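Each chain, letter by letter, is given below.
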Amino acid sequence: MGIVRRMDEALANRIAAGEVVERPANVLKELVENSLDAGAKSINVSMRGAGVEELVVEDDGGGMDPEDALACFQRHATSKLTQDSDLFRIATMGFRGEALASISSVAKVVLQTGQGAGIGHEVVMVPGQPVQQRSISRTQGTRISVSDLFFNTPARRQFLKTDRGEAAAAKSWLTRLAMANPDVAFSLRDEKSERLRVAAVGPTYSEKDRLAELMGKGISGGLYLFEGEREGYSLRAFAARPDLSRRDRRGLMIFINNRFVDDRRLQQAVVEGFRSVLEVGRHPVAVVFLKVPPGLVDVNVHPQKTEVRLAQPRLAFSVIRGTIADGLIDAPWLEINLPEG
Ligand code: ADP
Ligand code: MG
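Residues numbered from 1 in each chain as written. Chains lettered and ligands numbered in written order. Predicted model: local features only at pLDDT ≥ 70, side-chain atom pairs only at ≥ 80, totals over all residues. Heavy atoms only, no water.

S.K.: Got a minute to help me understand the overall build of the chain in this structure?
M.R.: Scanning the chain from N- to C-terminus turns up 11 helices and 15 strands. Buried positions account for 50% of the 341 residues belonging to the chain. Summed over its atoms, the accessible surface of the chain is roughly 17,500 Å², and 50% of this surface lies on carbon and sulfur atoms. (Helix = DSSP H or I, 4+ residues; strand = E, 2+ residues; numbered from the N terminus. Buried < 20%, exposed > 50% of the residue type's maximum accessible area, 1.4 Å probe, protein only. Areas by Shrake-Rupley, 256 points an atom, 1.4 Å probe, with all protein chains shown as cover.)

What follows is the structure in structure tokens.
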């Protein structure tokens, strides 16, 4: 008797951190998602030491008042969920109120935030030390610096890849978030140079051009858009010419309700859609946005939220495959790619 004890909050946070935060890229993703949730139109990320030494995310979103600037570090603190039923309708998905609590249990965090009156608030959180806070002057928006990641959990630090690997993972997360949020400007820089910069779409900057830029050099000939809709599912797929296809899947990105997902079956649906113009074993270079009625997708399968559970996987599959296969009839590539005869 008397062996079972409630974990203290700091320990619970550190365990939760293992699920939410495995590497700098996860920190980046959580912070940038918060900036997006706060209505930011411009998000700038900078990192040192591949984001392990320091990762900074600065936004021009709504900011927080002094009380929230402190409360946001509490476990299950969230402004985005107030009743049970929200769970079923939630459009911004995932675990709620875990990220900042988790991150601040395995790193040093400095939060500076303001709501536009010229005056703002700074909170400094260092695990094991008393919280410090003070008023500062600042414009509207939030800047969060996360430094010395895993300084108090050295075992976790050992699982990190090389700086190059971590930096690349962070960049690809920012790229995905940028793809899914065309109305927001993003940038990423490290100690050496600017690694990514993309403006919001505008009258002279189409979503197609913006995606082509985010997909990287070599998307010559631009992208072609496939669109379709069925039974509440809708698809927009931006694809590069089939001769730019790849042996690996790295050029194929799928988003469900604007969240990046890593789902083999849905990737396969895209591949099958392109079947008539792709050799076996090749994968298209494409960015695919599938919209699913919110009640029919469960995103809480994996803490890092790249897996989802669909209520109607077959329907999703056939909307993807069908829209692309049908769209190929009008695609401008057929004459160059159809096999002879
Ligand atoms: P969640 O995003 O699930 O609510 P987080 O731990 O990521 O949980 O954030 C906790 C809360 O802190 C958010 O609900 C939000 O109210 C506030 N917050 C975090 N980041 C920002 C930001 N960049 N701008 C404004 N508010 C923020
Ligand atoms: Mg969050």
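Following the structure, the description resumes.
S.K.: So what exactly am I meant to see when it comes to the confidence of the model for the chain here?
M.R.: Caution applies to low-pLDDT regions: their predicted coordinates should not be interpreted in detail. On average, residues of the chain score 88 in pLDDT, and 86% of them reach the 70 mark or higher. Segment residues 84-94 is flagged for pLDDT under 50; beyond a separation of four residues in sequence, or across chains, it makes 18 contacts in the model. (pLDDT = per-residue confidence, 0-100. Contact = heavy atoms within 4.5 Å.)

S.K.: Whenever I open this one, the pattern of salt bridges confuses me. Can you help?
M.R.: Opposite charge on two side chains makes pairing possible when the charged atoms of those side chains draw close. Tallied over the full model, the rule gives 17 salt bridges. A salt bridge links Arg241 to Asp243, with the shortest nitrogen-to-oxygen separation between them at 2.7 Å. For Arg241, a relative accessible area of 22% gives the class partly exposed. A relative accessible area of 43% places Asp243 in the partly exposed class. Here Arg246 ties to Asp248 by a salt bridge, and the two come within 2.9 Å at their closest N and O atoms. On the basis of relative accessibility, which here comes to 27%, the residue Asp248 falls in the partly exposed class. (Salt bridge = Lys/Arg side-chain N within 4 Å of Asp/Glu carboxyl O.)

S.K.: Before we go on, may I ask you to explain the nonpolar core in this structure?
M.R.: Soluble globular proteins tend to bury their nonpolar side chains together. Formed by 60 residues in total, the largest nonpolar core has its most connected members in Leu28, Leu31, Val32, Ile43, Val45 and Phe186. Sort the elements by how many residues they give to this core and helix α7 (residues 163-180) lands first, with eight residues. Mapped onto the domain boundaries, this core takes at least three residues apiece from domain 1 (9-198) and domain 2 (214-328). Listed in part, the 31 residues of the second largest apolar core include Ile254, Leu278, Ala316 and Ile324. (Core = buried A, V, L, I, M, F, W, Y, C linked by side-chain atoms within 4.5 Å. Domains from an automatic or database assignment.)

S.K.: In this structure, what is going on with the packing of aromatic side chains? I would like to understand it.
M.R.: Aromatic ring pairs are described here by two measures, namely the spacing of the ring centres and the angle between the planes. This structure, assessed with the given rule, holds six aromatic pairs. Seen in terms of ring centroids, Trp173 and Phe260 are 5.7 Å apart; in terms of plane orientation they differ by 80°. Their pairing is edge-to-face. Placement of Trp173 in helix α7 and of Phe260 in strand β12 (residues 259-261) is noted, with a sequence separation of 87 residues between them. Note on Trp173: relative accessible area 9%, which makes it buried. Arranged with centres 5.8 Å apart and planes meeting at 75°, the rings of Phe255 and Phe260 form a pair that is edge-to-face. Aromatic rings pair up to connect Trp173, Phe238, Phe255, Phe260 and Phe289 into one cluster. A cation over a ring is seen here: Arg176 above Phe260, with NZ or CZ 3.9 Å from the ring centre. (Phe/Tyr/Trp six-rings, centres within 6.5 Å; stacked < 30°, edge-to-face > 60°. Lys NZ or Arg CZ within 6 Å of the ring centre and 35° of its normal.)

S.K.: Which parts of the structure should I look at to understand helix α8 (residues 207-215)?
M.R.: For the α-helix, the turn length of 3.6 residues means that residues three or four positions removed from each other point alike. Every buried residue of α8 is accounted for by Glu207, Arg210, Leu211, Ala212, Leu214 and Met215. In the core, the buried residues of α8 are packed alongside α7, β7 (185-189), β8 (194-198), β9 (223-230), β10 (233-240) and β13 (286-291). Gly216 occupies a position one or two residues after α8 and carries a positive phi of about 105°.

S.K.: Please clarify how helix α2 (residues 24-37) should be interpreted in this entry.
M.R.: When the terminal C-alpha atoms of α2 are compared, their 20 Å separation across 14 residues agrees well with the 20 Å that a helix rising 1.5 Å per residue should span. For α2, the complete set of buried residues consists of Pro24, Ala25, Asn26, Val27, Leu28, Lys29, Glu30, Leu31, Val32, Glu33, Ser35 and Leu36. (Expected span 1.5 Å × (residues − 1).)

S.K.: Please clarify how the side chain of Thr113 should be interpreted in this entry.
M.R.: With respect to the helices and strands, the residue Thr113 is situated in strand β3 (residues 108-114). Looking at Thr113, the relative accessible area reads 0%, which means it is buried. Within the structure, Thr113 has its side chain in polar contact with the backbone nitrogen of Met64 (distance 2.9 Å). Looking at Thr113, its side chain comes within polar contact range of the side chain of Thr142, at 2.8 Å. In this view, Thr113 contacts Gly63, Met64, Ala69, Gly120, His121, Arg138, Gly141 and Thr142; residues no more than four positions away in its chain are not counted. (Polar contact = N/O pair within 3.5 Å; in protein donor to acceptor, adjacent residues only side chain to side chain.)

S.K.: Any chance you could explain the sheet that holds β12 here in plain terms?
M.R.: Each strand in a sheet pairs with another by means of backbone hydrogen bonds, the pair being arranged parallel or else antiparallel. If you walk across this open sheet you meet the five strands as β9-β10-β13-β11-β12, and the pairing is mixed. The open sheet is flanked by β9 and β12, the only strands paired with a single partner. The average undirected angle you get between the axes of adjacent strands in this sheet is 20°. Against the sheet, α7 contacts β11 (252-256), β12 and β13, and its axis sits at roughly 55° relative to β11. (Pairing = 2+ DSSP bridges. Axes fitted to C-alpha atoms, helices over the stretch in contact; angles between N-to-C directions.)

S.K.: Looking at this structure, how should I read the sheet that holds strand β4 (residues 119-125)?
M.R.: The mixed open sheet is built from eight strands, whose spatial order is β5-β4-β3-β6-β2-β1-β7-β8. Either end of the sheet is taken by a strand with one partner, and the two such strands are β5 (132-137) and β8. Looking at each pair of strands side by side, their axes are set apart by 10° on average, direction ignored. For strand β1 (residues 42-48) and strand β2 (residues 54-59), the ladder comprises six bridges, and the chain directions are antiparallel. Residue Asn44 lies in a different strand from β2, and its bridge partner there is Glu58. On top of the sheet, α7 reaches β1, β7 and β8; it is set at about 175° to β7, its chief contact.

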